[in-house]
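# Examination of the molecular architecture
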Amino acid sequence: PGIFSGSPGESASPSPGTGGDSDAGVVAVPLDRKGSCSLPLCLKPPPAMLPFVQGIGTDEVLSLLESQQREKEGLGTIAGPHTMRHRLSQVFESPLVLNASFLFPGRQAVLDSEGIEAFYRKVLSASDAAETAGVLLSSSLRCLETAAEGVRSLRAVDQIRFLIVILLCPLLGSDNSQSTAVMTSLAKLTFVLTEAGKRAFCKVICHDVPPSLFGARLVKHAREFCNRQILKRGERYREAVSFWHGIGLLQLLWQANEQTAGRTKVDEGGRKADPAVPLENFSLQSASALSPVQEVQSYHQLVVRKFGGACPPRGKLQSELFDVMKEHTTPPPEMTFLLAHINLCPLAFKRNCFMVEIKVSMQQGMLEAITSMTIPFFVLSVRRDRLLHDTMGLLLQAKPLELRRPLKVKFEGEEGIDEGGVKREFFSILIRELLNPNFGMFSYNEDTRIHWFNGNSLETKREFVLVGALLGLAIYNDVLLELSFPQAVYKKLQGEALDLSDLALVFPEESRSFQSLLQQPQGEEFDAAFGEMTFEVDYEFYGERRSQELCPGGAERKLTWESRQEYVRLYTKWLLEDSVKDQFEPFKEGFLRICGAPMLPLFSAEELQLLVCGEPQVDFKELRKGAQYEGGYSETHPFILGFWDTLEGFSLEQKLRFLHFCTGSSRVPVGGLKELNLKIQRNGPDTDRLPTAYTCFNALLLPEYSTKEKMKTVLLRAIEEAEGFGMQ
């Protein structure tokens, strides 16, 4: 029977007009036919409270607080702090009373989340806040302990609200013993809820908690509880059952967040709204303190044991690893390492794990090369003026095992030794040539500045395989690329669904037309404008007009108002998938030949794009934070202060050129520019020589020029004219 059920499995509405403030609500305790309470013994109220349990409304508790304040000011004698804390203790130590409290005025089936926030802010800003905080935490802990004894009875929304009221408390963000005890108990309770209880928990959040409080209170409290445990325990975090209960709570909140997005359509094309809380707010940044090696070992063991070594697509991976909505009594072994919860791991941590896997693969390739008495690297010796031709030829000749060795690039006729910088410039020039529309493999949209597969390309499957392999080779060797592919490419690589938002970047005109079509009202105007259209596509192939049916019999099927959504869906699919299938599939094949590792599904499409292209923000303040100084320079050296002032005054294009000059790439790595650890070394006193750079080591050799103006002049000349390695 439900805790607040009028009959088994049913929820009774609060009885109106029964004592006290009508906003507070009165909740009937279930009685059986003989008049006995049907609740579990641990959840029965004292006899004096039968047959009704009275909650407290937001207005009532705020009124008590005002009365307390007036008494302190000598303006009244209605209530004192002891009366207030006693009332709060009565409310917060009982799941029944707390479930009946803080309901929305006039809508007693809705939790007044913003009223709860106002109450907490008011009571915790008073002069006696410390004493009141102790009462709230100790009473909440007793409430959770009581509820835990009858946890299987917590199945309906009216029985779950008390968990949300407690989790909204700002005190749970503090790192002290009382707050930790409450979070530990709450996390355990939500972990062992029944499936019905977990659904009710998510439902209350979706309907009753605004996005601001969902993120700033619920998600933050669960996330920081987990973060603190990792920081305190280090690699032994896996042994703490309370940590996995916290992970379960965070996953439950993730599910509720996904449901907030799933309930809303942004447009007629079926595109879903963004979730209430940005997904990055769930990331456990403390993961950076963990060893990626152990996480990778556990992940591989799980993949072999659970999937036979063949990892499923990302869309199925998380649910296959751990379904939080199922009923659990103890954390299952397959969930007790952080990388099993890929949605909670920050991108930087997943990237580190991915690079560990790649390094292991490289070491195996090098060992095999040494065993067979061959070079332990994959060497590309290319001519700068025949770069594309030479690269394609060498890739065609390469054996699969050679591609998995560390890449070394040699520009013929140049002195550069590849320690990282040469291959970065190699990829930069190569990608520029490959994406050139004149080459015929990709088209370019001037409005969106996006490259897309040329469905009319006459290049063979082999060429697209090689382009995909080059993309994989860059990731495999930790090189960021200057690619202007839309996110749709990465979605397709990761098996994620495409929608109208993807079409808008690749084919903006068609996207606008489809939006107009979907928004047209039903009637004669629609029939007159679109009635003659059929389910087929007309396109041009080198001067020849061709048509393609969107579905069987599409040439004869007329477009109607009722079928407009299906028409848009099929047309979008043709534009983004079917029309470029002969180009994309070999591209994907080449990519997976190099990067088809079991850990690739760790990344969402957005994360994979960041892994390939780096971060979009160019923040030179971050570059300055990570800078290191040698040869007499320091962070406070007057010349260095002038140097940073000069850089901050550069345009965006000049800043990108500076990055390329110093590192061989203008891309921003995951984690920001501070991750570059730019080294600035004094290269003698004032001179007419230009600055130089060791791109392999992200090092700038900078003479101490006599004036700031001279430094700016020679620096701009260096970054605008530099290309190549060594003397030419």
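Going by the structure above, here's the rest.
This structure is a prediction, so every number in the text was calculated from the model and none was measured. (Residues numbered from 1 in each chain as written. Predicted model: local features only at pLDDT ≥ 70, side-chain atom pairs only at ≥ 80, totals over all residues. Heavy atoms only, no water.)

## Considering the packing of helix α16 (residues 421–434) against helix α17 (residues 461–476)
Between two packed helices, both the angle of their axes relative to each other and the distance between the axes serve to describe the pair. At a minimum axis separation of 12 Å, α16 and α17 run at an interaxial angle of 155°. Judged by the inter-axis angle, α16 sits roughly antiparallel to α17. The element α16 and its partner α17 pack so that their crossing is left-handed. Across the interface between the two elements, Phe-427, Leu-430 and Leu-434 of α16 pack against Val-467, Leu-470, Leu-473 and Ala-474 of α17. Each residue belonging to the contact of α16 with α17 can be placed in one class, and the counts come to 7 nonpolar, no polar and no charged. (Axes fitted to C-alpha atoms, helices over the stretch in contact; angles between N-to-C directions. Helix = DSSP H or I, 4+ residues; strand = E, 2+ residues; numbered from the N terminus. Parallel < 35°, antiparallel > 145°, perpendicular 65-115°, else oblique. Left-handed = near helix turned anticlockwise from the far one by under 90°. Contact = heavy atoms within 4.5 Å. Nonpolar A, V, L, I, M, F, W, Y, C, P; charged D, E, K, R; others polar.)

## Focus on the nonpolar core
Formed by 176 residues in total, the largest nonpolar core has its most connected members in Phe-92, Phe-119, Phe-162, Leu-253, Leu-338, Leu-483 and Tyr-490. Counting residues per element, this core draws most heavily on α17, at 10 residues. Excluding its chain neighbours within four sequence positions, the residues that come into contact with Tyr-490 are Leu-483, Phe-485, Ala-605, Leu-608, Gln-609, Val-612 and Cys-613. Of all hydrophobic cores here, the second largest spans 29 residues; its members include Leu-676, Leu-678, Met-711 and Val-714. (Core = buried A, V, L, I, M, F, W, Y, C linked by side-chain atoms within 4.5 Å. Buried < 20%, exposed > 50% of the residue type's maximum accessible area, 1.4 Å probe, protein only.)

## Focus on the packing of aromatic side chains
Two numbers describe a pair of aromatic rings. These are the distance of the centres and the angle of the planes. Enumeration according to the criterion identifies 32 aromatic pairs in this entry. Summarising the aromatic geometry, the rings of Phe-485 and Phe-587 are spaced 6.1 Å apart at their centres and angled 90° between planes, so their arrangement reads as edge-to-face. Taken together, the residues Phe-485 in the loop between α17 and α18 (487–493) and Phe-587 in helix α23 (residues 581–595) connect sequence positions 102 residues apart. Of the two residues, Phe-485 and Phe-587, neither departs from the other in class, the shared state being buried. Look at Tyr-539 and Trp-574: their rings are 5.5 Å apart centre to centre, the planes differ by 45°, and that puts the pair in the tilted class. Within this pair, whereas Tyr-539 is found in strand β9 (residues 536–541), its partner Trp-574 is found in helix α22 (residues 564–576), the two being separated by 35 residues in sequence. Owing to a relative accessible area of 23%, Tyr-539 belongs among the partly exposed residues under this scheme. Residue class for Trp-574 comes out buried when judged on its relative accessible area of 12%. Each member of the aromatic cluster is reached from another via a ring pair, and the members are Phe-442, Trp-452, Phe-453, Phe-464, Phe-485, Phe-584 and Phe-587. (Phe/Tyr/Trp six-rings, centres within 6.5 Å; stacked < 30°, edge-to-face > 60°.)

## Observations concerning the packing of helix α6 (residues 157–167) against helix α7 (residues 177–191)
Two numbers describe how α6 lies on α7: the axes approach to 11 Å, and their chain directions differ by 150°. The angle between the axes of α6 and α7 places the two elements in the roughly antiparallel class. The way α6 lies across α7 gives a crossing that is left-handed. Contacts from Phe-162, Leu-163, Ile-166 and Leu-167 of α6 reach α7 at Val-182, Met-183, Leu-186, Leu-189 and Thr-190. Taken together, the residues that form the contact of α6 with α7 break down as 8 nonpolar, 1 polar and no charged.

## Comments concerning the side chain of Ser-361
Within the secondary structure, Ser-361 is located in helix α13 (residues 347–371). Given a relative accessible area of 15%, Ser-361 falls into the buried group. Contacts of Ser-361, omitting those with residues within four sequence positions, involve Arg-404 and Tyr-476.

## As for the pattern of salt bridges
The final tally for this structure, using the stated rule, is 34 salt bridges. Here Glu-589 makes a salt bridge to Arg-593, at a shortest N to O gap of 2.8 Å. With Glu-589 and Arg-593 both in helix α23, this residue pair falls 4 residues apart, about one helical turn. Judged by its relative accessible area of 31%, Glu-589 is partly exposed. Here Arg-682 ties to Glu-704 by a salt bridge, and the two come within 2.8 Å at their closest N and O atoms. (Salt bridge = Lys/Arg side-chain N within 4 Å of Asp/Glu carboxyl O.)

## Overview of the sheet that holds strand β11 (residues 628–630)
The strand order across the open sheet built from 4 strands is β11-β12-β14-β13, with neighbouring strands paired in mixed fashion. Both outer strands of the open sheet, β11 and β13 (692–694), are each paired with one neighbouring strand and no more. Between one strand and the next, the sheet's axes are offset by a mean angle of 25°, whatever the strand orientation. Of the pairings in the sheet, the one linking β13 to strand β14 (residues 699–702) comprises 3 bridges and is antiparallel in character. What sits directly across from Tyr-694, in β14, is Ala-699. (Pairing = 2+ DSSP bridges.)

## Some points on helix α9 (residues 211–233)
Here α9 contains 23 residues, and its C-alpha end-to-end distance of 32 Å stays within 8% of the 33 Å for a straight helix at 1.5 Å per residue. A maximum bend of about 40° is found in α9 at Lys-220. Positive phi shows up at Gly-234, right after α9, with a value of about 65°. (Expected span 1.5 Å × (residues − 1). Bend = angle between axes of the 7 residues up to and from the residue.)

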